[in-house]
Amino acid sequence: MGQTVLVDQAFVQPQEHRPKTVVSDADDIPLIDLSPLSSDSDVTSAPETLLAQVEAACRDWGFFQVINHGVSPELLRKAEATQREFFALPDEEKRKVRQDEQNALGYYEAEHTKNVRDWKEVFDIIAHEQDEIDVVGLVLKNKWPQVPLGFRETFEEYAKSMEKLAFRLLELIALSLNLPPKKLNIFFEKANSLLRLNYYRPCPNPDLVLGVGRHRDPGALTVLYQDSTGGLDVKRQSDGEWIRVKPISNAFIINVGDTFQVWSNDKYTSAEHRVSVNSEKDRISIPFFLQPGSCINVRPLEELTDEKNPAKYNEYSYGEFIRARKYGNLKKLEVQNIQIDHFKRAQ
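Treat the numbers as computed from the prediction; the structure is a model and nothing was measured.

### Re the overall build of the protein
Stage number 1. The helix and strand inventory of the protein stands at 6 helices and 19 strands.
Stage number 2. In terms of overall dimensions, the protein is globule-like: its C-alpha atoms have a radius of gyration of 19 Å, near the 20 Å expected for 347 residues.
Stage number 3. Overall, the protein is about 60 × 45 × 45 Å in size when its C-alpha atoms are taken along their principal axes.
Stage number 4. Taking contacts inside the protein between residues at least 6 apart in sequence as the whole, the part at least 24 apart equals 79%.
Stage number 5. With the model as given, the accessible surface of the protein reaches about 15800 Å², and the carbon-plus-sulfur share is 48%.
Stage number 6. For the protein, the distance from the average position of its 44 positive side-chain charges to the average position of its 53 negative side-chain charges is 3 Å.

### Focus: the side chain of glutamine 261
Stage number 1. Residue position: glutamine 261 is located in helix H5 (residues 258-263).
Stage number 2. Taking the relative accessible area as the measure of exposure, glutamine 261 reaches 9% and is therefore buried.
Stage number 3. Here glutamine 261 is in contact with Val256, Asp266, Tyr268, Thr269, Ser270, Tyr313 and Ile340, once residues within four sequence places are set aside.

### Describing the UniProt feature "domain: Fe2OG dioxygenase" (unreviewed entry) in the protein
Stage number 1. Here, the residues flagged by UniProt with the feature "domain: Fe2OG dioxygenase" (unreviewed entry) are residues 190-292.
Stage number 2. Secondary structure content for residues 190-292 is 6% helix and 39% strand, and the end C-alpha separation is 7 Å.

### Some words on the packing of aromatic side chains
Stage number 1. If you walk through the whole model with that rule in mind, you get 19 aromatic pairs.
Stage number 2. On the numbers, 5.2 Å between centres and 75° between planes, the contact of phenylalanine 86 with phenylalanine 87 is edge-to-face. As far as the burial class goes, phenylalanine 86 and phenylalanine 87 line up, both buried.
Stage number 3. With centroids separated by 5.5 Å and ring planes inclined at 15°, the aromatic side chains of phenylalanine 87 and tyrosine 199 adopt a geometry described as stacked. Here phenylalanine 87, found in helix H2 (residues 73-87), pairs with tyrosine 199, found in strand E10 (residues 194-200); they are 112 residues apart in sequence, far enough to count as distant.
Stage number 4. Accessibility expressed as a relative area gives 14% for tyrosine 199, which makes it buried.
Stage number 5. The rings of Phe86, Phe87, Tyr107, Phe123, Trp144, Phe151, Phe155, Tyr158 and Tyr199 are connected pair by pair, giving a single aromatic cluster.
Stage number 6. The ring of tryptophan 119 carries the charged tip of arginine 201 above its face, separated from the ring centre by 4.0 Å.

### Section: the packing of helix H1 (residues 48-60) against helix H4 (residues 151-176)
Stage number 1. Here H1 crosses H4 at 90°, and the two axes come no closer than 9 Å. With respect to H4, the axis of H1 lies roughly perpendicular. The segment H1 lies against H4, with Leu50, Leu51, Val54, Glu55 and Cys58 engaging Leu172, Ile173, Leu175 and Ser176.

### Considerations on the pairing of E10
Stage number 1. Across the 7 residues that make up E10, a large majority, 7, are buried.
Stage number 2. Relative to E10, strand E7 (residues 121-126) runs antiparallel, the two being bridged by 6 bridges. Directly across from isoleucine 126, in E10, lies its bridge partner leucine 194.
Stage number 3. Judged from the 5 bridges that link them, E10 and strand E17 (residues 283-290) form a sheet pairing that is antiparallel. Residue tyrosine 199 lies in a different strand from E17, and its bridge partner there is isoleucine 284.

### Here's the deal with the nonpolar core
Stage number 1. Tyr158, Phe252 and Phe260 are the most contacted members of the largest nonpolar core, which has 82 residues in total.
Stage number 2. Considering every element that reaches this core, the biggest residue donor is H4, with 14 residues.
Stage number 3. Once residues within four sequence positions are removed from consideration, phenylalanine 252 is found in contact with Phe64, Gln65, Val66, His69, Val71, Leu76, Tyr158, Met162, Leu165, Val223, Leu224 and Tyr225.
Stage number 4. Residues Val12, Cys203, Leu224 and Val245 belong to the second largest nonpolar core, which totals 21 residues.

### Overview of the pairing of strand E13 (residues 232-235)
Stage number 1. With 3 bridges connecting them, E13 and strand E16 (residues 273-275) associate as antiparallel partners. Residue pairing across strands places valine 234 opposite histidine 273, the latter belonging to E16.
Stage number 2. Of the strand pairs in this sheet, E13 and strand E14 (residues 242-244) are connected by 3 bridges, and their pairing is antiparallel. The residue bridging aspartate 233 from the neighbouring strand is arginine 244, located in E14.
Stage number 3. Hairpin remark: E13 followed by E14, antiparallel, with 6 residues in the connecting loop; positive phi at glycine 240, about 75°.

### Looking at the side chain of glutamine 226
Stage number 1. Along the chain, glutamine 226 falls in strand E12 (residues 221-226).
Stage number 2. Judged by relative accessible area, glutamine 226 falls into the buried class, the value being 6%.
Stage number 3. A distance of 3.3 Å separates a polar atom in the side chain of glutamine 226 from the backbone oxygen of valine 245.
Stage number 4. Polar contacts involving the side chain of glutamine 226 include one to the side chain of arginine 283, which spans 2.8 Å.
Stage number 5. Once residues within four sequence positions are removed from consideration, glutamine 226 is found in contact with Gly231, Leu232, Val245, Lys246, Pro247, Ile253, Arg283, Ile284 and Ser285.

What counts and how
- Residues numbered from 1 in each chain as written.
- Predicted model: local features only at pLDDT ≥ 70, side-chain atom pairs only at ≥ 80, totals over all residues.
- Heavy atoms only, no water.
- Helix = DSSP H or I, 4+ residues; strand = E, 2+ residues; numbered from the N terminus.
- Rg over C-alpha atoms; globule rule 2.2 N^0.38 Å.
- Contact = heavy atoms within 4.5 Å.
- Areas by Shrake-Rupley, 256 points an atom, 1.4 Å probe, with all protein chains shown as cover.
- Lys, Arg positive; Asp, Glu negative; His and termini not counted.
- Charge placed at Lys NZ, Arg CZ, Asp CG, Glu CD.
- Buried < 20%, exposed > 50% of the residue type's maximum accessible area, 1.4 Å probe, protein only.
- UniProt positions renumbered as here; feature names shortened; annotations may be inferred.
- Phe/Tyr/Trp six-rings, centres within 6.5 Å; stacked < 30°, edge-to-face > 60°.
- Lys NZ or Arg CZ within 6 Å of the ring centre and 35° of its normal.
- Axes fitted to C-alpha atoms, helices over the stretch in contact; angles between N-to-C directions.
- Parallel < 35°, antiparallel > 145°, perpendicular 65-115°, else oblique.
- Pairing = 2+ DSSP bridges.
- Core = buried A, V, L, I, M, F, W, Y, C linked by side-chain atoms within 4.5 Å.
- Polar contact = N/O pair within 3.5 Å; in protein donor to acceptor, adjacent residues only side chain to side chain.

This is the structure:
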């Protein structure tokens, strides 16, 4: 007798991409202690051991966790409580700030990854002082809900804290590539950085669906907070196995995005990851996506290419790239959404 399917077919993953009943837990996902860096110190004072850890994590995993990062636990608790309060609102209240094709910010409950609907609800916020950005002619403006009270203030504070941490990590990673620490900062003068609130409710068929299907992040870096439920899986580069990222209290998960993979000319890899769900407990996470400005053209850095290691990617517009990716997330397409592999040069 076949399994009873209790979810809409739009959520059902192809057989080859459905999560296994058991996903490996790994203790070898790098955990990096940032305490050698005080909150105000220059990253050039980072000890060689710390830079070596960052280099190995970016090269071998594209994923790592950080502790002693300087973000207050009180801010994390406040953000989590406010997020839960919003997603507990009635659907009609949440839909007052719903995304659409003209403005893909605010609340959304029908996002697709690889043309399969994700089992999640989201709320997207542009982390920008002007509250709006222009993505190659598409103006995105934040939609702030009236309830819960303090929602805007909480996440504006949170976004500023994430941006500060993200730039310190950006500079550490630049140093690990033997670049000046602020070499990459110029690409973020008009950044498209995004804060996203994810909510994954319990699912009656967790073996058929994914909270987020397999994907790679398009930006430079992602700084993610997750609650204690767990569910984030990363594909291990050495053998292609899906590995569960264990929640660590007050830690952030960092992953290298597509932009860094191109800048580093494949020295660092944008790791494929996904989110599994369960039938008993909800889950929240808050990723901050550090993304270049729309006007930036992305290509391998000259300092990291030479005759023996020629550029592996053609130059592309980040604004056009992210606009195409965002549009493809809003609804099911008949073709695969754009990926950096489309810019790969024949070797």
